[in-house]
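# Understanding the architecture of this molecule
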Amino acid sequence: MAAGSDDAPFWAIGPEELARRLASGRQGLSSREAAGRLARFGGNHVAERAAQGALRLLLRQFESPLVLVLVFAACVSAALREWVDAGIVVAIVVASALLGFAQEHRASTAMRQLRQRLALVARVLRDGAERDIPAASVVPGDVVLLSAGKLVPADGLVLEATDFLVSEAAITGESFPVEKRPGIVAADAPPAGRGNAVFLGSSVRSGTARMLVVHTGRATDFGAIAERLRQRAPETEFARGVRHFGQMLVRTMLVIVFAVLTANLLLGRPTIDSLLFSVALAVGLTPELLPAIVTVTLAAGARAMGRRGVILRRLEAMENLGSMDVLCTDKTGTLTTGAIAMKDALDAAGAPDREVARLAFLNAALETGIENPLDAAIVAAGQAAGMDVSGVAKIDEIPYDFMRRCLTIVVADPAAPGRHLLVTKGAFANVLERCTSLRGPGGDVPLDAGARAALDAIFRARGAEGERVLALATRSVEARPRHGREDERDMVFRGFLAFEDPPRPDAAAAIAGLAALGIRIKVVSGDNRHVTAHLARAVGLDPRSMLAGPDIAALKDEALWHLAPRTDLFVEIDPQQKERVVRALQRAGHCVGFLGDGINDAPALHAADVGISVEGAVDVARESADVVLLRPDLGVLRQGVLDGRRSFANTLKYISITTSANFGNMVSMALATPLLPFLPLAATQVLLNNFLSDIPSATIASDNVDPARLARPQRWRMRKILRFMAVFGLVSSAFDLLAFAVLLLAFGAAEAEFRTAWFLVSLLTELAVVLVLRTRGPALRGRPGALLLWTTLAAAVAAVAIPFMDGFAAAFGFVPLPATLVVASLAIVSGYVVATEMAKLALFRDDGPEGPRA
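Criteria and thresholds
Residues numbered from 1 in each chain as written. Predicted model: local features only at pLDDT ≥ 70, side-chain atom pairs only at ≥ 80, totals over all residues. Heavy atoms only, no water. Helix = DSSP H or I, 4+ residues; strand = E, 2+ residues; numbered from the N terminus. Buried < 20%, exposed > 50% of the residue type's maximum accessible area, 1.4 Å probe, protein only. Areas by Shrake-Rupley, 256 points an atom, 1.4 Å probe, with all protein chains shown as cover. Expected span 1.5 Å × (residues − 1). Phe/Tyr/Trp six-rings, centres within 6.5 Å; stacked < 30°, edge-to-face > 60°. Salt bridge = Lys/Arg side-chain N within 4 Å of Asp/Glu carboxyl O. Contact = heavy atoms within 4.5 Å. Core = buried A, V, L, I, M, F, W, Y, C linked by side-chain atoms within 4.5 Å. Pairing = 2+ DSSP bridges. Axes fitted to C-alpha atoms, helices over the stretch in contact; angles between N-to-C directions. Parallel < 35°, antiparallel > 145°, perpendicular 65-115°, else oblique. Nonpolar A, V, L, I, M, F, W, Y, C, P; charged D, E, K, R; others polar. Arc of directions from axis to C-beta. Polar contact = N/O pair within 3.5 Å; in protein donor to acceptor, adjacent residues only side chain to side chain. pLDDT = per-residue confidence, 0-100. Left-handed = near helix turned anticlockwise from the far one by under 90°. Disulfide = S-S within 2.5 Å.

All right, on to the overall build of the protein chain then. Each helix and strand in the protein chain was counted, giving 30 helices and 23 strands. Residues counted as buried form 55% of the 854 residues belonging to the protein chain. Per element, the accessible surface of the protein chain, about 35,100 Å² overall, is 60% carbon and sulfur.

Next up on the list: helix H24 (residues 683–697). Taking 1.5 Å per residue, 15 residues should reach 21 Å; H24 reaches 21 Å between its end C-alpha atoms and fits that length. H24 sits mainly inside the fold: 14 of its 15 residues count as buried.

Enumeration according to the criterion identifies 16 aromatic pairs in this entry. Between Phe-808 and Phe-812, the aromatic rings sit 4.9 Å apart at their centres with planes inclined by 40°, giving tilted as the arrangement. Of this pair, Phe-808 and Phe-812 both sit in helix H29 (residues 806–812), four residues apart, which is roughly one turn of the helix. Among the residues examined, Phe-808 registers a relative accessible area of 35% and is labelled partly exposed. We classify Phe-812 as buried; its relative accessible area is 8%. Among the aromatic residues, ring-to-ring pairing joins Phe-428, Phe-459, Phe-493 and Phe-496 into one connected group.

All right, on to the pattern of salt bridges then. Going through the model one piece at a time under the given rule, you end up with 37 salt bridges. Glu-17 is the partner of Arg-21 in a salt bridge, and the nearest nitrogen-oxygen pair spans 2.9 Å. Highlighted residues: Arg-21 and Glu-17, both in helix H1 (residues 15–21), separated by four residues, approximately one helical turn. Taking relative accessible area as the criterion, Arg-21 reaches 36% and is therefore assigned partly exposed.

Attention now moves to the environment of Phe-804. One can find Phe-804 in the loop between helix H28 (786–801) and H29. Its relative accessible area of 42% is what places Phe-804 among the partly exposed residues. Between the C-alpha atom of Phe-804 and that of Val-815, which follows or precedes it by eleven residues, the distance is 7.1 Å. Not counting residues up to four positions away in its chain, the partners in contact with Phe-804 are Pro-816, Leu-817 and Val-822.

The next thing to look at is the nonpolar core. Core analysis: the largest hydrophobic core is formed by 61 residues, its most contacted members being Leu-327, Ile-612 and Leu-634. Considering each element in turn, this core owes the most residues, six residues, to helix H23 (residues 634–672). Counting residues in hydrophobic clusters, the runner-up holds 49 residues, among them Trp-758, Leu-788, Ala-799 and Tyr-832.

Tracing the chain through its elements places Pro-784 in the loop between helix H27 (751–773) and H28. As a C-alpha pair, Pro-784 and Asp-703 span 81 residues in sequence and 5.9 Å in three-dimensional space. What Pro-784 contacts, discounting residues up to four positions off in sequence, is Asp-703, Asn-704, Leu-771, Arg-774 and Leu-789.

It is worth spelling out the sheet that holds strand S21 (residues 592–595) at this point. Taken together, the eight strands give an open sheet; going across it, the order is S8-S23-S22-S21-S9-S18-S20-S19, and neighbouring strands pair in mixed fashion. The open sheet is flanked by strand S8 (310–312) and strand S19 (546–548), the only strands paired with a single partner. If you compare each strand with its neighbour and ignore which way they point, the axes differ by 20° on average. Direction of pairing for S19 relative to strand S20 (residues 569–571): parallel, over a ladder of three bridges. Note on S20: the bridge partner recorded for Leu-547 is Phe-570. Each of strand S9 (326–329), strand S18 (520–524), S20 and S21 touches helix H20 (residues 575–587); the most contacted strand, S21, lies at about 160° to it.

Before going further, it helps to examine the side chain of Asp-527. For Asp-527, the location among the structural elements is in the loop between S18 and helix H17 (529–539). Classification of Asp-527 by relative accessible area gives buried; the value is 7%. Discounting chain neighbours no more than four positions away, the residues touching Asp-527 are Lys-331, Arg-468, Thr-532, Val-571 and Glu-572.

Now for unusual backbone geometry. Here the phi dihedral of Ala-23 falls at roughly 55°; this positive angle occurs in a residue that is not glycine. Looking at where Ala-23 falls in the secondary structure, it is placed in the loop between H1 and helix H2 (31–41). The backbone of Glu-572 shows a phi angle near 55°, a positive value even though the residue is not glycine.

Bringing the packing of H27 against H28 into the picture now. The geometry of H27 relative to H28 is characterised by a closest axis approach of 9 Å and an angle of 170° between their N-to-C directions. Between H27 and H28, the angle is such that the two are roughly antiparallel. Between H27 and H28, the contacting residues are Leu-760, Leu-763, Leu-764, Leu-767, Val-770 and Leu-771 on the first element and Leu-788, Leu-789, Thr-792, Ala-795, Ala-796, Ala-799 and Val-800 on the second. The residue inventory of the contact of H27 with H28, partitioned by class, reads twelve nonpolar, one polar and no charged.

With that out of the way, let us pick up the pairing of S9. Here S9 shows two buried faces, one formed by Val-326 and Cys-328 and the other by Leu-327 and Thr-329. In this structure, S9 lies alongside S21, joined through four bridges in parallel fashion. If you follow Leu-327 over to S21, its bridge partner there is Gly-593.

Along its 16 residues, helix H15 (residues 449–464) runs 22 Å from first to last C-alpha, staying within 8% of the 22 Å computed at 1.5 Å per residue. Residues of H15 that are buried: Ala-451, Leu-455, Ile-458, Phe-459, Arg-462 and Gly-463. Burial along H15 is one-sided: seen end-on, the buried residues are contained in an arc of 130°. Packing partners of the buried residues in H15 comprise strand S10 (341–347), helix H14 (428–432), strand S14 (435–440), strand S16 (468–478), strand S17 (491–500) and H17. For H15, the N-terminal capping position is held by Asp-448, with its side-chain oxygen 3.3 Å away from the main-chain nitrogen of Gly-450. Following H15 by one or two positions, Gly-466 has its phi on the positive side, about 90°.

Let's shift gears to the confidence of the model for the protein chain. Model confidence for the protein chain is summarised by a mean pLDDT of 82, while 83% of its residues fall at 70 or above. Per-residue pLDDT, averaged within each element of the protein chain, yields its smallest value for helix H7 (residues 221–229) (58) and its largest for S17 (96). A low-confidence stretch, residues 228–235 (pLDDT under 50), is modelled with three contacts involving residues beyond four sequence positions or located in other chains. Taken as a whole, residues 848–854 scores under 50 in pLDDT and shows 25 contacts with residues more than four places along the chain or in a different chain.

For the rest of this paragraph, the subject is the side chain of Asp-703. The topology assignment puts Asp-703 in the loop between H24 and helix H25 (707–710). At 2.6 Å, the side chain of Asp-703 and the side chain of Lys-653 are in polar contact. Every residue in contact with Asp-703, bar those within four places of it in the chain, is listed here: Asn-650, Lys-653, Arg-774, Pro-784, Gly-785 and Leu-788.

Our next topic: the packing of H15 against H17. At a minimum axis distance of 7 Å, the contact between H15 and H17 shows a crossing angle of 20°. One element, H15, and the other, H17, form an angle in the roughly parallel class. Crossing hand, H15 versus H17: right-handed. When H15 is examined against H17, the residues Phe-459, Arg-460, Gly-463 and Ala-464 are found in contact with a partner set consisting of His-530, Val-531 and His-534. Of the residues belonging to the contact of H15 with H17, the class tally is three nonpolar, three polar and one charged.

Glancing now at the environment of Cys-75. Mapped onto the elements of the fold, Cys-75 is located in helix H4 (residues 65–79). On the accessibility criterion, Cys-75 (48% relative accessible area) is partly exposed.

Time to look at the pairing of strand S15 (residues 443–446). Note that S14 and S15 share four bridges and pair antiparallel. Bridge pairing in S15 places Arg-439 opposite Asp-444. Taking the residues that link successive antiparallel strands as the turn, the S14-S15 hairpin has two residues.

Going through the model one piece at a time under the given rule, you end up with zero disulfides. Of all cysteine sulfurs, the one in Cys-406 lies closest to Cys-435, which takes part in no disulfide; the gap is 9.8 Å. Look at Cys-435 and you get buried, because its relative accessible area is 2%.

This is how it looks when you write it as structure tokens:
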């Protein structure tokens, strides 16, 4: 929300005046005042994405066009005073809606609990002290501390800034970061020209800053856009597949229903009965529980993944997780232990040097930008050696960025009063290019070609041993208040910092496990080629299959499309090149996952089919990801892939089995309608059949999955689903027609008896086919989930018992069946099961051991 407004926008007001209007100051708010403002302005939310109330969720169950068709049918019956028929239709609609509501409410509650674990945190000044609070608790008047990797939690004015670069692509569409600094700009400045303001939806690329919060939640620019447009998230491949399949079913439904209604009217049958029968036939074709089944199946998988330490930020990402066949990852913390330790501080000759260690300690201990494990390792080693920063006067800081790949701390030079000392630490090549001399035993000497070659040899040798190596340089300059990147020149090369981060003991096994699932690992790292090759050799990857950043920069897109799938290691690359590698792999037809936790990973995470991050990642990386790992472990990710494939397989089971059975029933009734002297089933009987057969289907999310279905990535393949529907639907229709012939010719069944026997055969075949087609191997060897098995058996018992339940049977127009007719019906069902099993084995044998991948 926003504090009191004025005619002038906040970027056109000076910091002191704006703070006065907000009743705040450079030290922020008191906790008591912040609590009062939170109650007054509300939480810092753009949209209550997960807070969908129970009533709204219940009403959503009635949004389906199919439900509306049923309601229309009930209204027609009521208008004609067919109260029993109207009541039955309404009861079935309500029961189906309650079933979907119960499952989706449980799913949404579980997802809300999982998302709470990933709530963003903002660092603010409260009571004059720095404090981390949930970003949702930020209020107008707060002073927020920003640093590289953080997301801007609200709209506000920049109070202080040091080399502060912000990415505003979500606000302005500009892909390059822009610099922000304190000041005042014109009231009518366009968004790209508001250089003194930061906005919700942007992220910090480098530097540090303090901002005064002016607008929060829906009062922000980002919130206003979201409120005005109320756009849904982009449609995923999975959701698009479901939608296209539904459209195909509706088209088929309209054609057949129109034909059936026309045939009935031409045969002189009652108009209302024919209309209700046609409407019921439409409902029978379309799997009306599909939205609920999809949500419940994905949510059940998400809950299982959450218990194993894999949290889905978006349910739809599960399909892509199961489809993933390439995983790009950095090495730190995933292939290595992540427990980085500084092994050595060396001089320019490669000998241990305490002064190099001390300078590195000053650089790491005094920097205030990106928190990273290398600095933590330097500080830990320095403290263990008795070092501290007491007596050192920090003057300035030139923050790290991904173009310079180095960081500089400026301190008062203790050896030269009136001068400052720049201490620069960073990537070897980047630091070396800023140096013109090196510190030797007798003092500084020029850095000629021979000396550069000697330094490079040390760097290569340590890297070949698996150590990560940084360089350190210094420069003494005249004292002045501020320093910038232009001062990082004519430096003195002081030495090397060597770190060790050994491979995880389980890394090789985890890579092999993912390979067994058809997923190829590719290391995408900004680290140097020697360290990465050493690690690749240790974990079972090919160290010779390598492309370096300079090589990628020289390649045209078409060449990269060709080389990327054949390369295991991408080294020394920048953030834009990471994204380019991901897009090249996608262009080659792969479903790409990207695992990253740093600022430089955000573009690639966004571009990947499934972005994967870790709980401790920087905000911008975690918010760009679809999946968050509670620990950076490829073994955990492997289990997440299995859960994703299991959930996707069960969703496709429901779609394939239900639509094939419904298609078969629809074809049967459509063919039988002009041949029979009466409708094969009354509308209420069709609806009851459909409702009872949906009960086991609602439990399919918990079913077991064939190991072969988990062994390779799965994708939507509409043609395969259509073939499945046609083959098994027509097998069903053939036995339906056989049942019609037996009932009419062998038993001479009257209308009520025919409908009762046909209801029994139709429902039992739909239930049996679930157990037969749930596995692509022999049904008797399969092991269905307990819930699916028992609900199927319960529905089957109900199917046999209903005709003998006097009051209930009469309400639906059923009559008790003679024993011989029950036996004949069960024989037809048994024959159908055998025929379906044979058709299944023949169909899937032609497609290989896994059958057609839907």
